[in-house]
Amino acid sequence: MACPVKPLQLHLILLFALWDVCSMINSGMLFPRESSSREIKELNGLWSFRADLSPNRNLGFEQAWYKRRLAETGPVLDMPVPASYNDITQDPKLRDFIGWVWYDREVVVPSRWVADKNIRVVLRVGSAHYYSVVWVNGVRVTEHDGGHLPFEAEIGGVLRGDPAAPCRVTIAVNNTLTLQTLPPGNIQYLNDPARYPKGYFVQNTYFDFFNYAGIHRSVLLYTTPQTYVNDVTVVTDFADGLGTIAYDVAVAGSASSNASLKVTLTDGEGRRVATATGPNGGLKVVDATLWWPYLMHERPGFLYNMEVCLQVAGARGEVLEDRYTLPVGIRTVKVTSTQFLINDKPFYFHGVNKHEDSDIRGKGFDWPLVVKDFNLMKWLGANSFRTSHYPYDEEILHMCDRHGIVVIDESPGVGIRDIRSFGNASLAHHLEVMGELVTRDKNHPSVVMWSVANEPASEMPPAGLYFETVIAHTKALDPTRPVTYVTNSNYARDKGAPFVDVICVNSYLSWYHDPGALDVISLQLNTQFEEWYGKYKKPIIQSEYGADVVPGLHSDPPVMFSEEYQVMVLRSYHEVFDQKRKQYVIGELIWNFADFMTAQGVTRVVGNKKGIFTRQRQPKAGAYTLRERYWRIANETGLLPPWTKYPCSQLRSP
Ligand code: GCB
């Protein structure tokens, strides 16, 4: 039964959700960093693991598996963390498993952390997909709804309860999606006894990537003093060479009202360039070096370090300190009706869409893969990417900050296509997720825009109020960045388009529409742009376009799935981009950077093959086409250091 959203109900929900989100924001989610007052202990490596294969998937809770070592309640597997569990074994049941899986491991905690009552010990999970419950020594310490953002719990109290006990961390993770989760999904029981065994069910999803699950990002313990820097927010600006950093520090803990704060800004060489005192204020930087995107400036990704030093008097009059250092890039972002401006200069997105996806690891974070991908993006001449279709590991955003790669930061709002996913519960959760995302990523200079969703059913009547609310809420959380969602609907029927700052449109001309008809791309793409711009007078990014390629398949004249066909699709799109980027098209993001795994289906040949790189990161012909183009655009529009001038002689034609 459809659940239409009523305006009054919606606004009440919004109020509650806002309150929730604000209290969440106050709780802070600073990236863990070591300092003279903070230590970190990583819990990555091998954990014990068991999938709950019982018919109702609830045996683990019924038998309280969290009360003892997992190995004491049944057979366990070795499971690496971080990693998706799906592709680690040869068992198809585990690859396609839906329900609760259980992880545990014991950790040696330095005795000083437990003995010293001035120390807070925090357990942090970078992300686990989708729903998590966490116990320490059998005590439930937190739970989290959502598969792509961090969560944490202070566990010092539990550890001090029995200082002699080893610290056992148990995490139960459930990948079941509902119409109210982000992304949404639903479980369907197939009850025909002639065709399916008793209790048979499938999980339907409305997105095009494998629903990898498990503990996907680092798990760690970190310490802070009892009165500590809980959050930092910076907003930067500049005028006439003078950079300004407005900062706001949230302090938490018993002595927070007596804390004194000092903020020191240093440059790349460690020279002090500005100082301030108090929980909020401004830093002025004379002759500021701005943060610039890769290929837009000779010195991209410049970061200052902002150290916050908090001091309180201890019980015996001693000074207790907390120090936290935040990298800060000084830059501005603005949008006009035809341009995207970074530091008041037009910025053209020539980039990619990505996925967190690779062989064996699934969506598990992996440094070699991350660094390889950055090298490939730089090789390609890409200056930007969209975190399609969920927030990525924060380490990736740190890389973007340092390398000047510009990011459109997307929420996991992908596949909102069922009318029931526009109801109040979904909306409240979407607002909460935007709160978590903005709290985590607000200080990254590389993040220039929020994307609240990908290809929702934005033509459905509730979509207008729904997205007006989500977008207004996101802007309230962060008034400094534009907000968009990515659409594939029709320009005239799209209910949310009036509320976005930038139109992001996906289209697969000569692929899903008019398959094989390369000759219609130019006309249809031109019409697409003119209609969207004519109606909304907002700058447009072609946020997806592309074609599947089975690597090594050749055909001339080109046919679908051959390397030549992908090249022709790209070239046909590029001709139109080149006309329209003189007017209001502000970017092009290829779908996709690399091949990635999907659910099985008749249109997917072991996953989606629209990558310009294979899943193993080898270039297809389209990669060379794109490389030639991106470097040419960069050479035309950027101010490149001499070593990056693209040597055209090295171009290889497909
Ligand atoms: C889209 C989706 C993306 C898909 C892609 C495709 O529009 O946004 O998630 O993977 O099309 O290849 O079908």
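Residues numbered from 1 in each chain as written. Predicted model: local features only at pLDDT ≥ 70, side-chain atom pairs only at ≥ 80, totals over all residues. Heavy atoms only, no water.

Visitor: An account of the site of the ligand is requested, with residue identities and associated values reported.
Guide: Taken together, the neighbourhood of the ligand is formed by 13 residues, with Asp208, His389, Glu455, Tyr512 and Lys610 sitting nearest. Side-chain polar atom of Arg604 to an oxygen atom of the ligand: 3.2 Å apart, as the coordinates give it. Within the side chain of Lys610, an N or O atom sits 2.6 Å from an oxygen atom of the ligand. A total of 320 Å² of accessible area belongs to the ligand in isolation, and the protein chains cover 92% of it. Partitioned by chemical class, the residues of the shell around the ligand number 4 nonpolar, 4 polar and 5 charged. (Near = heavy atom within 4 Å. Polar contact = N/O pair within 3.5 Å; in protein donor to acceptor, adjacent residues only side chain to side chain. Areas by Shrake-Rupley, 256 points an atom, 1.4 Å probe, with all protein chains shown as cover. Nonpolar A, V, L, I, M, F, W, Y, C, P; charged D, E, K, R; others polar.)

Visitor: Which residues make up the packing of aromatic side chains, and what values go with them?
Guide: Under the defined criterion, the tally for this structure stands at 39 aromatic pairs. Arranged with centres 5.0 Å apart and planes meeting at 85 degrees, the rings of Phe365 and Trp367 form a pair that is edge-to-face. Overall, the relative accessible area of 12% leaves Phe365 in the buried class. Trp367 sits in the partly exposed class, given a relative accessible area of 39%. An angle of 85 degrees between the planes, with centres 5.2 Å apart, marks the rings of Tyr545 and Phe577 as edge-to-face. Separated by 32 residues along the polypeptide, Tyr545 in the loop between strand S31 (540-544) and helix H11 (563-580) and Phe577 in helix H11 bring together distant segments of the chain. When sorted by exposure, Tyr545 lands in the same class as Phe577, which is buried. (Phe/Tyr/Trp six-rings, centres within 6.5 Å; stacked < 30°, edge-to-face > 60°. Buried < 20%, exposed > 50% of the residue type's maximum accessible area, 1.4 Å probe, protein only. Helix = DSSP H or I, 4+ residues; strand = E, 2+ residues; numbered from the N terminus.)

Visitor: Mind laying out the nonpolar core, listing which residues take part and the relevant values?
Guide: Ranked by internal contacts, the top residues of the largest apolar core, which has 86 residues, are Phe374, Phe385, Val452 and Phe467. Every residue in contact with Phe385, bar those within four places of it in the chain, is listed here: Val352, Lys354, Phe374, Met377, Tyr392, Ile396, Cys400, Ile405, Val406, Val407 and Ile408. By size, the runner-up hydrophobic cluster in this structure holds 48 residues, among which are Trp292, Val328, Phe340 and Phe349. (Core = buried A, V, L, I, M, F, W, Y, C linked by side-chain atoms within 4.5 Å. Contact = heavy atoms within 4.5 Å.)

Visitor: Describe in detail the side chain of Thr484, supporting the description with residues and values.
Guide: Among the structural elements, Thr484 can be located in strand S29 (residues 483-487). Setting aside residues no more than four positions away along its own chain, Thr484 makes contact with Met449, Trp450, Ser451, Val452, Val500, Val502 and Cys504.

Visitor: Before we move on, could you go through the side chain of His144 and cite the residues and values that matter?
Guide: Within the fold, His144 resides in strand S8 (residues 139-145). Only 3.1 Å separates the side chain of His144 from the backbone oxygen of Gly146, close enough to count as a polar contact. A distance of 2.9 Å separates the side chain of His144 from the side chain of Glu436, its partner in a polar contact. Sequence-distant contacts of His144, that is, excluding residues within four places in its chain, are made with Tyr130, Tyr131, Ser132, Leu149, Pro150, Phe151 and Glu436.

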